[in-house]
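# Secondary and tertiary structure notes
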Amino acid sequence: MEIQYEFCENQFDTASLSQLYSEDFPWDGFSPIGGVRIAAHKVKTDKTEAFWPQDADWLIWEKNTNGVTRLCQMKGGRWSPIREVPRAPQTIVVDNDTETVHLFYDFAIDRADVDGSLRRLASLLKPPQPAP
């Protein structure tokens, strides 16, 4: 549901909410577990078999109670399932400087070694250096 929040500067303790748009979707047992806006971005991944719709505005991964993962897209304000996928990426990095979204399926941040994980992630994001 889209909601518009209006706040009047001279009335700090009053604000109003108004509904802009609402649509009922059947829950069908899936819940979102991650998503990323890809509109106007290149998408790179560490998995050659990874699939995503090229014209989507957003990619959303969902998982059901049985552990089945599916890929959804948001396109033109509409959320729709695409197909089942083996799994969702473990790490997503958005680089707005290069307008690139990186989907890492085989790399996750190790909570016991965040500093080391971020160093490894930085090395994965470095562009390949040309041979001398």
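The model shown is predicted, which means the values in this text are computed figures rather than measured ones. Residue positions are given per chain, counted from 1 along the sequence in the order it is written. Side-chain atom pairs in this predicted model are given and counted only at pLDDT of 80 or more, local residue features only at pLDDT of at least 70, and totals for whole chains, interfaces and linings cover all residues. Only heavy atoms go into the side-chain values, all of them from the structure, while hydrogens and water stay out.

## As for the packing of aromatic side chains
We describe a pair of aromatic rings using the distance from one ring centre to the other and the angle between the two ring planes. Counted only if it meets this: Planes of paired rings set the category: under 30 degrees apart is stacked, over 60 is edge-to-face and the rest tilted, where pairs are Phe, Tyr or Trp rings (Trp by its six-membered ring) whose centres lie within 6.5 Å. Buried residues are those whose accessible area, probed at 1.4 Å on protein chains only, stays under 20% of the maximum for their type, while exposed residues exceed 50% and partly exposed ones sit between those limits. Only Lys NZ and Arg CZ are tested; either one counts as a charge over a ring when it is within 6 Å of the ring centre and within 35 degrees of the ring normal.
All told, the structure shown has one aromatic pair when counted by the stated rule. Arranged with centres 6.4 Å apart and planes meeting at 70°, the rings of Phe104 and Phe107 form a pair that is edge-to-face. A relative accessible area of 10% means that Phe107 is categorised as buried. In this structure, Arg70 packs its charged tip against the face of Phe30, placed 3.9 Å from the ring centre. It is Arg83 that lies over the ring of Phe51; its NZ or CZ is 4.2 Å from the centre.

## Observations concerning the nonpolar core
This is how it is decided: Residues belong to a common nonpolar core when they are buried Ala, Val, Leu, Ile, Met, Phe, Trp, Tyr or Cys residues joined through side-chain atoms within 4.5 Å. In this description a helix means any DSSP run of H or I spanning at least four residues, a strand means any run of E spanning at least two, and both kinds are numbered starting from the N terminus. Whether two residues touch is decided by their heavy atoms; if any such pair falls within 4.5 Å, the residues are in contact.
Counting residues in hydrophobic clusters, the biggest one holds 13 residues, and the most contacted among them are Val36, Ile38, Trp52, Leu59, Trp61, Leu71 and Leu103. Where this core is concerned, the elements lending two or more residues are strand E5 (58-64) and strand E9 (100-104). With near-sequence residues (within four places) excluded, Leu71 lies in contact with Phe51, Trp52, Pro53, Leu59, Ile60, Trp61, Pro81, Ile82, Arg83 and Val85.

## With respect to the sheet that holds strand E4 (residues 42-45)
What counts is decided by this rule: Here a strand pair is declared whenever DSSP counts at least two bridges between the two strands. Only the stretch in contact is used when a helix axis is fitted, and all axes are lines through C-alpha atoms; the angle between N-to-C directions ranges over 0 to 180 degrees.
Taken together, three strands build an open sheet; the order of strands is E4-E9-E8 and the sheet is mixed. On the outer flanks of this sheet lie E4 and strand E8 (91-95), each paired with one strand and no other. Looking at each pair of strands side by side, their axes are set apart by 20° on average, direction ignored. Summarising the sheet, E8 and E9 pair through five bridges and their orientation is antiparallel.

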